[in-house]
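Analysis of the macromolecular model
Here's the letter readout for the chains.
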Amino acid sequence: MAAPVIADLHKPRPYTPSLWGDFFLNHSPCTPSQYSAMKDMASIRKERVRKIILAAISSSDLPMKLELVDMLERTGVAYHFGKEIQELLCGMQGDEQGFGDDLHITASRFYLLRKHGYHVSPDVFLKFRDDGGNFASNDVNSLLALYNAAYLRTRGEEVLDDAIIFTKSRLQCMLEHLEPWLAEEVRCTLETPSFRRVERVETRRYVPVYEKKSTRDEDILEFAKFDFNILQTLYCEELKALTIWWKGFKSQMDIKFARDRMVELHFWILGVVYEPQYSYSRVMLTKLLVFVSLFDDFYDNYSTTEESNIFTAAMERWGEQAAENLPANLKALYINILNTTNDIEEELKHQKNKNAELVKELVIHVAKCYHAEVKWRDEHYVPTSVEEHLQISVRSSACMQIISFVFISLGDVTTREVLEWALTYPKIIRSVCIVGRIGNDMVSHEREQISQHVTSTVQTCTKEHGITVAEANEKLKVIIEEAWMDIVRECLHKRQPMVLLEKATDLARTMDFMYKHEDAFTLPSSLKETLTSLYVNYI
């Protein structure tokens, strides 16, 4: 059967080219001998830090324990001491009144315990409120701690809702009177509370801040620097391999219709799995995210309805013979996706990964979800409410599939039952989808509506309530906040292993970062400084 004749006249949105090109083919942060020396020095520092932690475990000094865990996490080295930190946290449970009337200690304890999935009642804050319901404190560090703690709220916890409103107002009023470094810390916190920060970005920001503190521990500081630089070197090796793969991929077809964002996608995955043992996971997941991005641009911005139909049909058939009816450029795209996915499956099987064959099913599932949005567009379907919109559009956010890819990459901790659970869009995964879907829509809907495009959640909200775009954005921010509350709730209930719930939460954190002020994935110049600090500049 001859391939159908399809018009060549495509008018895709013009996207800015990659800011990185072949940069990582030749970029090496250090020589092999320097890398080896850093690892040796890091190993010495690591054991010194371990002794500090073991001493803290046997201590009764709660403020010291809280500060130590916070420093280990913010300087990015906590992943080395998971068991020891859990032991420290276990010792902080129980006696909720045993540390007196110190708001800073109470808030810090609440934050760390809830962050790690331990139940703590918000009633511990009631004694700090005056008769008017305000919190009796003018100490900026206590207010910062309370603000961060309150964002680990779940629905209906009014004392934490009130704490956010009060501390936000107080901190904003105090800003102009603070020392510059403290004012910067307050601004950073008001923009993104600690719980929602991307860990590697926060590490890169915070280590230089920690270095200036008079209370710093030199062993923790030096270990954090060595560890960051060692990981950076590993990431650059991954990007070199990915650049070679991506150059080969692009050489076989014309993909000017798509965003060339391979480095940005590696960063996206880095926000979820940054630890050194997940190096192959990052390479694999970056490739899969490249496919997700290509599907997004192909279905949303480039394909005719007929092309969308035949490409999706070929994806569902899955095999080189299924490409026979595709036009030349789509055939090359299809074959490349097919071959790379099959290679990933074989490598996972070689690693004895029990869920390897599900990668292919998820790639097909992503294509089908984007194809469904094409049908929605062609039928000029307009949802009557944001809730109705989200019933459909959370699926085309691809967050469920990305989380499932991540789960598969983690190996034996992920059972088949976990993946079957993920495919049902349970509360935590749906909430992560909402953070990504609405966040994306809020910063990109004006640009996207210039061309033919499905109705966004912003447009749906304006029509549902008869309000302006600005008013709609405020309503949508409330839905995002409720989604974050549900993420916290699910992490506290721990129906699945905490490591998996944490990875799902990490994806929401990265989504929040990407769409904080604009669509930084589509318009990556705003990411350049962050990526340079993570991949290029040593600490």
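Note that the structure is predicted; figures quoted are calculated from it, not measured.

As for the overall build of the protein
Tallying secondary structure elements over the protein gives 23 helices and 0 strands in all. Compactness check: the protein gives a C-alpha radius of gyration of 24 Å against a globular reference of 24 Å for 539 residues, within 12% of the reference. Principal axes of the C-alpha set define a box for the protein whose edges measure 80 × 65 × 45 Å. Burial analysis of the protein (539 residues in total) assigns 58% to the buried set. Counting contacts in the protein only where the partners sit at least 6 residues apart, residues at least 24 apart contribute 74% of the total.

As for the pattern of salt bridges
The full count for this structure, using the stated rule, is 40 salt bridges. For R48, the salt bridge identified is with D219, shortest N-O distance 3.3 Å. With R48 in helix α2 (residues 32-57) and D219 in helix α10 (residues 218-250), this residue pair connects regions lying 171 residues apart in the sequence. When its relative accessible area of 41% is taken as the criterion, R48 is described as partly exposed. Residue classification places D219 among the buried positions, given a relative accessible area of 18%.

Overview of the confidence of the model for the protein
Looking at the protein as a whole, the pLDDT averages 93, with 95% of positions reaching at least 70. With pLDDT under 50 throughout, residues 1-10 is counted as low confidence; its partners more than four residues away or in other chains account for 15 contacts.

Quick look at the packing of aromatic side chains
Two aromatic rings are characterised by how far apart their centres lie and by the angle between their planes. What the rule picks out here adds up to 30 aromatic pairs. Taken together, a centroid distance of 5.6 Å and an interplanar angle of 85° make the contact between Y79 and Y274 edge-to-face. Remark: Y274 occurs in the loop between α11 (262-270) and α12 (279-302) and Y79 occurs in the loop between α3 (62-74) and α4 (82-90); sequence separation between them is 195 residues. Look at Y274 and you get buried, because its relative accessible area is 5%.

Observations regarding the state of the cysteines
In protein chemistry, a disulfide is the covalent bond that joins the sulfur atoms of two cysteines. Enumeration over the complete set of coordinates arrives at 0 disulfides. Just so you know, C236 is unpaired, no disulfide at all, and the nearest cysteine sulfur is the one on C30, 9.0 Å from it. Given the relative accessible area of 2%, C236 is considered buried. For the unlinked cysteine C461, the closest cysteine sulfur is that of C433, found at 19 Å.

As for the nonpolar core
Among the nonpolar cores identified, the biggest contains 183 residues, and F125, F295, F311, Y334 and Y535 are the most heavily contacted of them. At 15 residues, the largest contribution of residues to this core is made by α10.

Let's talk about the environment of A323
With respect to the element layout, A323 can be found in the loop between α13 (305-317) and α14 (328-350). Each C-alpha atom of the pair A323 and E373 lies 22 Å from the other, and the pair is 50 residues apart in sequence. Once you skip the residues sitting within four places of it in the chain, A323 turns out to touch K331, Y334 and I335.

Digging into helix α23 (residues 528-535)
What α23 keeps buried is the set T530, L531, S533, L534 and Y535. In this fold, the buried residues of α23 make contact with α1 (23-26), α9 (199-211), α10, α11 and α22 (498-514).

Quick notes on unusual backbone geometry
Positioned with a positive phi, W318 is a non-glycine residue whose angle comes to about 50°. Tracing the backbone through its elements, the reader meets W318 in the loop between α13 and α14. Even without a glycine there, the phi angle at K494 is positive, about 50°. Within the secondary structure layout, K494 lies in the loop between α21 (469-493) and α22. According to the relative accessible area criterion, K494 is partly exposed, its value standing at 38%.

Looking at the packing of helix α6 (residues 140-150) against helix α8 (residues 180-191)
With their axes 11 Å apart at the nearest point, α6 and α8 run at an angle of 15° to one another. On the basis of their axis angle, the class for α6 and α8 is roughly parallel. Here the hand of the crossing between α6 and α8 comes out left-handed. Between α6 and α8, the residues in contact are V140, N141, L144, Y147 and N148 and L182, E185, V186, T189 and L190, respectively. Its residues assigned to classes, the contact of α6 with α8 comprises 6 nonpolar, 3 polar and 1 charged.

Digging into α8
The end-to-end C-alpha separation of α8 is 16 Å, in line with the 16 Å expected for 12 residues at 1.5 Å each. Within α8, the full set of buried residues consists of L182, A183, E185, V186, C188, T189 and L190. Buried-residue contacts for α8 involve α3, α6, α7 (158-174) and α9.

Focus: the side chain of K225
Residue position: K225 is located in helix α10. In this structure K225 touches V207, E211 and I539, once residues within four positions along its chain are discounted.

Remarks on the side chain of D260
Mapped onto the elements of the fold, D260 is located in the loop between α10 and α11. Polar side-chain contacts of D260 include one of 2.7 Å to the side chain of W246. At 2.9 Å, the side chain of D260 forms a polar contact with the side chain of K250.

Let's talk about the packing of α14 against helix α15 (residues 358-378)
Contact pair α14 / α15: the axes reach a minimum separation of 9 Å and the direction vectors enclose 150°. With respect to each other, α14 and α15 are oriented roughly antiparallel. Residues I337, T341, I344, E345 and L348 of α14 form the contact with α15, whose participating residues are V359, K360 and V363. Residues belonging to the contact of α14 with α15 are distributed by class as follows: 5 nonpolar, 1 polar and 2 charged.

Considerations on the environment of C461
Mapping C461 onto the fold places it in helix α20 (residues 457-465). Take C461: its relative accessible area is 2%, and that puts it in the buried class. Residues in contact with C461, not counting those within four places in the same chain, are V386, I467, A472, K475 and L476.

Definitions and limits used
Residues numbered from 1 in each chain as written. Predicted model: local features only at pLDDT ≥ 70, side-chain atom pairs only at ≥ 80, totals over all residues. Heavy atoms only, no water. Helix = DSSP H or I, 4+ residues; strand = E, 2+ residues; numbered from the N terminus. Rg over C-alpha atoms; globule rule 2.2 N^0.38 Å. Buried < 20%, exposed > 50% of the residue type's maximum accessible area, 1.4 Å probe, protein only. Contact = heavy atoms within 4.5 Å. Salt bridge = Lys/Arg side-chain N within 4 Å of Asp/Glu carboxyl O. pLDDT = per-residue confidence, 0-100. Phe/Tyr/Trp six-rings, centres within 6.5 Å; stacked < 30°, edge-to-face > 60°. Disulfide = S-S within 2.5 Å. Core = buried A, V, L, I, M, F, W, Y, C linked by side-chain atoms within 4.5 Å. Axes fitted to C-alpha atoms, helices over the stretch in contact; angles between N-to-C directions. Parallel < 35°, antiparallel > 145°, perpendicular 65-115°, else oblique. Left-handed = near helix turned anticlockwise from the far one by under 90°. Nonpolar A, V, L, I, M, F, W, Y, C, P; charged D, E, K, R; others polar. Expected span 1.5 Å × (residues − 1). Polar contact = N/O pair within 3.5 Å; in protein donor to acceptor, adjacent residues only side chain to side chain.

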